[in-house]
Amino acid sequence: MKKLLRGLVAGVFAAGSIFAMATTASAEGERIVLISHAPDSDSWWNTIKNGLAMAGEHVGAEVEYRNPATGDIADMARIIEQTAASNPHGIITTLADPDVLSGPISNAVAKGIPVIIINSGTPEQAADVGALMYIGQPEYDAGLAAGQRAKRDGIGSFLCVNHVVSNPVVGERCRGFADGLGVELGDSMIDSGQDPAEIKNRVKAFLSANPDTEAVLTLGPTSADPTIEALKENGMAGNIYFGTFDLGTEIVKGIKDGTIQWGIDQQPFLQAYLPVVVLANYNRFGVLPGNNINSGPGFVTKDALAKVEEFAGEYR
């Protein structure tokens, strides 16, 4: 596995020499902290944690994962402030809500702490707060590509199940999907909450009230897993077009059995692994890739599941 991942990093960057894991250059006590907006209940972030841990092992740095237990963005802002006050050698953070988080992130940068934005936010927003770079999936562009794909498949209406309405960046997936279809988003996006039973009930209620809905879009395992159950219970599993963002064990099963047409993989492992490597080499050698890094989107369909199925929920 380690050889595979080192090869992957070298393949992503042609000038792979800046990612050499030179043990002689390891900095004693080097500490890098990753801060996410995810609540403890969101299992999708386990892959982020795995990528972070492996990268720390590979570069010889201490790594730490921090997050607001309930997903509260104001609490996340406080975590960023507390982390900056501890003077780590680098901060990796999501930019889930620029209005709330830009100040604390900019303050960390002003203290001389190198910061990389991952997952949520945009390259432009990362530059605005003074971050070194952005590593992730442009959410609107991913949603647009998904909507264009669905339009080619004959879809004209949809339900978007948004389990993180408090994160405006994630909502861009729904807006991009609507634009890709060439329709108004309107009431097609629902605030499902994060309780599995509530998500299932709200999906069933929407589809019952809107029987002409042609497709369902979910934004990750938190909303996808209960939606799968909802479609099984109302007899629509396999009979309604179903696409989802991100991957997970149940999503992979759904793709395999035909319930889900495709999943969009933003490769969260790379979103955690690569910034640790970048920060370690930036701190030690002063080298930095010249561009932001798009980790996705990539469409995963039934005919390309072998490797994904093997590592779903762990490295994929």
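Just so it is clear, the model here is predicted, and its values are computed rather than measured. (Residues numbered from 1 in each chain as written. Predicted model: local features only at pLDDT ≥ 70, side-chain atom pairs only at ≥ 80, totals over all residues. Heavy atoms only, no water.)

Student: Looking at this structure, how should I read helix α9 (residues 221-233)?
Tutor: Turn by turn, an α-helix covers 3.6 residues, leaving residues three or four places apart pointing in a common direction. Taking 1.5 Å as the rise per residue, α9 with 13 residues should run 18 Å; its terminal C-alpha atoms sit 18 Å apart, in good agreement. Listed in full, the buried residues belonging to α9 are Pro221, Thr222, Ser223, Ala224, Pro226, Thr227, Ile228, Ala230 and Leu231. (Helix = DSSP H or I, 4+ residues; strand = E, 2+ residues; numbered from the N terminus. Expected span 1.5 Å × (residues − 1). Buried < 20%, exposed > 50% of the residue type's maximum accessible area, 1.4 Å probe, protein only.)

Student: When you look at the sheet that holds strand β10 (residues 262-265) in this model, what are you seeing that I'm missing?
Tutor: Consider a sheet: its strands pair through backbone hydrogen bonds, and that pairing is either parallel or antiparallel. Sheet architecture is open: 6 strands sit in the order β7-β6-β8-β9-β10-β12, paired in mixed fashion. Edge positions in the sheet fall to β7 (189-191) and β12 (298-300), since each of these pairs with one other strand and no more. Averaged over all adjacent pairs, the angle separating strand axes in this sheet is 20°, with direction ignored. Strand direction decides the pairing type here: β10 and β12, joined by 3 bridges, are antiparallel. Residue pairing in the sheet places Ile264 in a bridge with Phe299 of β12. (Pairing = 2+ DSSP bridges. Axes fitted to C-alpha atoms, helices over the stretch in contact; angles between N-to-C directions.)

Student: Any chance you could explain the side chain of Asn162 here in plain terms?
Tutor: Topologically, Asn162 is positioned in strand β6 (residues 159-162). Apart from residues no more than four positions distant in its own chain, Asn162 is found in contact with Gly171, Met189, Ile190, Asp191, Ser192, Gly193 and Leu219. (Contact = heavy atoms within 4.5 Å.)

Student: Teacher, can you tell me more about unusual backbone geometry here?
Tutor: Comment: phi is negative for the bulk of residues other than glycine, and the bulk of peptide bonds are trans. Cis rather than trans, the peptide bond between Gly296 and Pro297 has omega equal to 10°. You can see Pro297 is positioned in the loop between β11 (293-294) and β12. With a phi close to 55°, Asn87 is a non-glycine residue in the positive phi region. Residue Asp246 is not a glycine yet carries a positive backbone phi of 70°. Considering the arrangement of structural elements, one finds Asp246 in the loop between β9 (241-245) and α10 (249-257). Asp246 sits in the buried class, given a relative accessible area of 5%.

Student: Hey, could you run me through the pairing of strand β5 (residues 133-136) in this one?
Tutor: Remember that side chains alternate between the two faces of the sheet whenever the strand is regular. The side-chain alternation of β5 yields two buried faces, one formed by Met133 and Ile135 and the other by Tyr134 and Gly136. Two elements, strand β4 (residues 115-118) and β5, share 3 bridges in a ladder whose sense is parallel. Following the sheet pairing, Ile117 is matched in β5 by Tyr134. Sheet topology places β5 next to β11; 2 bridges connect them, and they run parallel. Bridging across to β11, Ile135 finds its partner in Ile293.

Student: Looking at this structure, how should I read the pattern of salt bridges?
Tutor: Side-chain pairs of opposite charge can arise whenever the charged atoms involved come near each other. As enumerated under the stated definition, the model contains 13 salt bridges in all. Residue Arg173 pairs with Glu139 through a salt bridge whose shortest N-O separation is 2.9 Å. Placement of Arg173 in helix α7 (residues 168-181) and of Glu139 in helix α6 (residues 139-152) is noted, with a sequence separation of 34 residues between them. As far as burial versus exposure is concerned, Arg173 and Glu139 are alike and both buried. Arg173 is paired through a salt bridge with Asp246; the nearest N and O atoms lie 3.6 Å apart. Residue Arg173 is located in helix α7, and its partner Asp246 is located in the loop between β9 and α10; the two are separated by 73 residues in the primary sequence. Each member of the pair Arg173 and Asp246 is classed as buried. By sharing partners, the salt bridges in this structure join Glu139, Arg173 and Asp246 into a single network. (Salt bridge = Lys/Arg side-chain N within 4 Å of Asp/Glu carboxyl O.)

Student: Explain the UniProt feature "domain: Periplasmic binding protein" (unreviewed entry) in the protein chain to me, please; I cannot follow it from the model alone.
Tutor: Those residues carrying the UniProt feature "domain: Periplasmic binding protein" (unreviewed entry) are residues 32-282 in this numbering. Between the C-alpha atoms that bound residues 32-282 the distance is 12 Å, and the span itself is 50% helix and 16% strand. (UniProt positions renumbered as here; feature names shortened; annotations may be inferred.)

Student: Which parts of the structure should I look at to understand the sheet that holds β5?
Tutor: One open sheet accounts for 6 strands, arranged β2-β1-β3-β4-β5-β11; its pairing is parallel. Lying at the two open borders of the sheet, with one neighbouring strand each, are β2 (62-66) and β11. Across 5 bridges, strand β1 (residues 31-35) lies against β2 in parallel orientation. Note on β2: the bridge partner recorded for Ile32 is Val63. Against the sheet, helix α4 (residues 98-110) contacts β3 (90-93) and β4, and its axis sits at roughly 150° relative to β4. Of the strands in this sheet, β1, β2, β3, β4, β5 and β11 touch helix α11 (residues 268-285), which is tilted by about 155° from β5.

Student: I tried to follow the packing of aromatic side chains on my own but got confused; where do I start?
Tutor: How two aromatic rings sit relative to each other is given by the distance of their centres and the angle of their planes. Following the criterion strictly, the structure yields 7 aromatic pairs and no others. Judged by centre distance (6.3 Å) and plane angle (70°), the rings of Tyr241 and Trp262 are edge-to-face. Separated by 21 residues along the polypeptide, Tyr241 in strand β9 and Trp262 in strand β10 bring together distant segments of the chain. When its relative accessible area of 1% is taken as the criterion, Trp262 is described as buried. (Phe/Tyr/Trp six-rings, centres within 6.5 Å; stacked < 30°, edge-to-face > 60°.)

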